[in-house]
Every structure is written in C-alpha cells, then in structure tokens.
Amino acid sequence: MLQDSAKNGGNAAKKLGGTAVQAIKAVGRGVASAVSSLLTAGGGTVVLVLLLTVILVAAIVASPFGILFSNESREAGVVPISAAVAQVNYEFNERLETLQTADDYDSISVTGQPADWVEVLAVFAVKVAGADVDAADVATMDADRIDRLKAVFWDMTTIAHHIEVIYHPGSGDDDGWTERNLYITITAKTAEEMKTVYHFNRNQIAALDELLEQRDLLRELIEDVYSVSGDTAALIRNLPEDLSPEREAVVRTACSLVGKVNYFWGGKSLIIGWDARWGELRQVTAAGSSTTGTYRPYGTDCSGFVDWVFYNATGGGYIIGHGGGATMQHSYCTDISWADAQPGDLVFYPDNSHVGIVGGRDANGELLIIHCASGYNNVVVTGLEGFTSIGRPQYYAEAGRS
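Being a predicted model, the structure only gives us computed values, none of them experimental. (Residues numbered from 1 in each chain as written. Predicted model: local features only at pLDDT ≥ 70, side-chain atom pairs only at ≥ 80, totals over all residues. Heavy atoms only, no water.)

A. View of the packing of aromatic side chains. Throughout the structure, instances matching the rule amount to 14 aromatic pairs. Between Phe310 and Tyr318 the ring centres are 6.4 Å apart and the planes differ by 55°, which places this aromatic pair in the tilted class. Like Phe310, the residue Tyr318 is buried in the burial classification. Every member of this aromatic cluster is reached through a ring pair, and the members are Phe92, Trp117, Phe153 and Trp154. It is Arg282 that lies over the ring of Tyr298; its NZ or CZ is 5.4 Å from the centre. (Phe/Tyr/Trp six-rings, centres within 6.5 Å; stacked < 30°, edge-to-face > 60°. Buried < 20%, exposed > 50% of the residue type's maximum accessible area, 1.4 Å probe, protein only. Lys NZ or Arg CZ within 6 Å of the ring centre and 35° of its normal.)

B. Structural detail: the pattern of salt bridges. By the definition in use, this model includes 19 salt bridges. Its salt-bridge partner being Asp275, residue Arg277 comes within 2.7 Å of it at the nearest N-O pair. Residue Arg277 is classed as partly exposed on the basis of its relative accessible area, which comes to 27%. A single network of salt bridges, built from pairs that share partners, joins Asp116, Glu119, Arg215 and Arg219. (Salt bridge = Lys/Arg side-chain N within 4 Å of Asp/Glu carboxyl O.)

C. Spatial organisation of the sheet that holds strand β6 (residues 333–335). The six strands lie next to each other as β6-β11-β7-β8-β9-β10, forming an open sheet whose pairing is antiparallel. At either end of the open sheet lies a strand with only one pairing partner, and these are β6 and β10 (378–382). Taking the axes of each pair of neighbouring strands and ignoring which way they run, one obtains an average angle of 35° across the sheet. Relative to strand β9 (residues 367–373), strand β8 (residues 355–361) runs antiparallel, the two being bridged by four bridges. Bridging from a neighbouring strand, Val358 pairs with Ile369 of β9. Sheet contacts for helix α12 (residues 245–255): β8, β9, β10 and β11 (389–393); angle to β8, the most-contacted strand, approximately 110°. (Pairing = 2+ DSSP bridges. Helix = DSSP H or I, 4+ residues; strand = E, 2+ residues; numbered from the N terminus. Axes fitted to C-alpha atoms, helices over the stretch in contact; angles between N-to-C directions. Contact = heavy atoms within 4.5 Å.)

D. Up close: the pairing of strand β1 (residues 107–111). Across the two faces of β1 the burial differs, with Ile108 and Val110 buried and Ser107, Ser109 and Thr111 not buried at all. Sheet topology places β1 next to strand β3 (residues 177–188); five bridges connect them, and they run parallel. Considered in β3, the bridge of Thr111 is made with Thr185.

E. Looking closely at unusual backbone geometry. Even without a glycine there, the phi angle at Asp134 is positive, about 60°. Inspection of the secondary structure puts Asp134 in the loop between α6 (117–129) and α7 (143–156).

F. Local environment of the sheet that holds β3. The strand order across the open sheet formed by three strands is β1-β3-β2, and the pairing between neighbours is mixed. Two strands lie at the open edges of the sheet, namely β1 and β2 (157–168), each paired on one side alone. For this sheet, the mean angle separating the axes of adjacent strands, direction not counted, is 15°. Here α7 sits on the sheet in contact with β2 and β3, set at roughly 50° to β2.

G. Representation of the confidence of the model for the chain within the structure. Per-residue pLDDT for the chain averages 87, and the proportion of residues at 70 or more is 85%. In the model, residues 1–29 has pLDDT below 50 throughout and makes 43 contacts with residues more than four positions away in sequence or in other chains. (pLDDT = per-residue confidence, 0-100.)

H. Expanded view of the side chain of Arg247. Within the secondary structure, Arg247 is located in helix α12. In this structure Arg247 comes out as buried when scored by relative accessible area, which is 1%. At 3.0 Å, the side chain of Arg247 forms a polar contact with the side chain of Asp345. (Polar contact = N/O pair within 3.5 Å; in protein donor to acceptor, adjacent residues only side chain to side chain.)

I. Highlighting the nonpolar core. Formed by 55 residues in total, the largest nonpolar core has its most connected members in Ile67, Trp117, Val123 and Leu149. Mapped onto this core, the elements with two or more residues apiece are α5 (81–100), β1, α6, α7, β3, α8 (191–197), α9 (202–212) and α10 (215–222). Ranked by residues supplied to this core, first place goes to α6 with eleven residues. The contact partners of Leu149, leaving out residues within four places of it in the chain, are Ala84, Val88, Trp117, Val120, Leu121, Phe124 and Met141. Among the nonpolar cores identified, the runner-up in size contains 38 residues, and Leu235, Val250, Ala254 and Val306 belong to it. (Core = buried A, V, L, I, M, F, W, Y, C linked by side-chain atoms within 4.5 Å.)

Quick look at the structure:
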C-alpha cells in the first residue's frame, strides 16, 4: 500500500487514506482525523500522509482490524484466510463423515448450517487481538492462529444427532426388517450471542460492531482467489522464464486455489473467480463414490478443478474436456513422454480415475502436481503420487503455443 502511494502520488494516497480512515475508527480517531485533514491539503502532503499511514497500519495490524491485512503475507507457514477456512471446514467435514459412516443408515437427514464465516472471523479477530491477556495480531494466519480460529468456530457451531430405529414386522415367511434413520442437526450461534458467551468488554463489543460493518471486506478475504501461501508463491516464482503466457496463466490459476477448496465428488464450478457455493453444506448426489448420499462442505472434484482452472485462465473462453470428466479431458490431450513434461500439462491416474496439472519441478528436478485430491480433501501440491500418464492439452496448440 505504501509503495502504491509513493508511486502514484496524491490520488493513491487519497484512496489509501479513505480506506485507512474507514478501518481505523475503533483504533484511533485522532490519527484518522489528522490523515483526513492532510488529504484535503493536496498532493504536496504525500510524504506526511505516508508517515501517518505507517502509524495507521501499525495500529490496525495490532488491533482486530489486522485481519483485513491477513491475505498480504507470503511468509512460510502463513496461509490466506480462505485456506484457513478450508482447514476448519476439513475438520467440520471429518466430524460429519464420522457420524454418517458409523453405521449403514436407510436415510440421512441434515438440517442447519455452520456459523456464518463472516461472523466467525469477526469474533475471532476481536477475541484474539482484542484480548487483555494472551493477545496476538490476526494479520497472519499461521498454525497457532488457525487453531484459535477452529476454537471460535466450534464455540459457534454445534453438531447434534439422533438415530431413529423403526422395526417393520414381517408376515408369513418374511422376518421383517429394521429401519435406521440418522438425523443430524447443526446449530449456529451469532456474533451477537458470542458477545455474552465470551464476556466481551465495552471496547471489544465496539470493535466487533465496527468489524461487522465491514462484512464486504471480510467476505472478500474468504473469497480471495489471488492471495497464495508462501510455498505456492515460491512455485510460481520458479516457473521457467521462457514459459508461454498460456501455460503460466494455467499454473498461476491452479495455484490460486491451493489449500482453499475442499474436495466434493461431482463438484463442478464453471464460474469466474470464487464460487459462492464453496464451503456450503450440501448433499453429494453424483453416483459412484463412497460419499454419495452424505453431506459435506461443497467444493470441487479433480476434473472439476481442472475445468475451473482452464475456464478462469482463459477468461471463460475454454473448457477443457468440454464438460466431461477426467476421461474426456484426457481425450483432448496428446500423450507425451515424462521427459517432455512442462508446467500446464495434465497427468492422470490409471483408467483416468484422477487428474492433475503439472505445476513445475522441485529442487531435485522432480515434477510437482497441483490437484484436488479426495485423500487430502483440498487442492494440494504433491509429487507424482500415483499419476502414471501425461498428456499435453490441445488448447496450447490451438492458442499457437506448444
């Protein structure tokens, strides 16, 4: 932000100041007022504005409003908010699956949704950064802060269940049968309720109310497909300099979902940017999976991820596989040798049971694959791990690139 202001002069500083004034309300009204006064004086005050902006940013980062900066870090071990949310959703999914697979049920019914993630983030920020004891900034999402986020989520989300057993008596030679129905109820607390649960003081309540006025900004953090973790950023930095723009766009787009979207059998998302359905609790309806009929946070499957990547990398202009699964995607590729692999090529399991995208190579020259994997319940970067064939999408030749 500071670099943009220095580069673009008074207009950028004015825009920055407006954002800072909005976010700083609960942190330092005096400093915000000073910035506003300087901005009205014109472009000649850019240096002074930047100086006060340093103070503003430092104050914001140390406060609950630091969460608004949480997607800016590229440090190792630090992830964007969307990836932190996906990790919590993974745990939520595990608990649901444990209940749904504990026995063979004749029917499964799930009512309710987990707590609103915008409210969870706001409560988390105030509880962690606004605490009198053991306070921490929320501008970076590392393992410790993700654990704290999980704790807040589970304080706001409760899963209850009961099993209905109905005996159907037989007649004649029919011995009858027992019907078992599972009912799961998910109950969510609101941010308003958490003020009492966490015994927030007056300042914390004020900060929470201010943060909840920034719902759109918090939603942007959750739905951000541009921020990446430090490890993924390193993969992008190490792409070959002579890589074609089309291939680079595919790899960058694939990296944008790493760690952020849970696996969902039959999940397809031909949408530019973030799919608002991701993370919503939905029933798996596509046949052919052990998860069919169960409920879990919506996401994408392996071929759905590849479709989304090419669709977004081309601005909605190309759907590899033309709407089919991994087998159809493979049919729009030309088989190549492993030695000819380039970032952006596709790799497949035997019988096209899984598909991924070549992302590059590690320090030892081994291929790195970006894929949405059921075993990880997320979009991940791994080694070959079971991929046995590789194909070159015809798209690159159609675009005039090999």
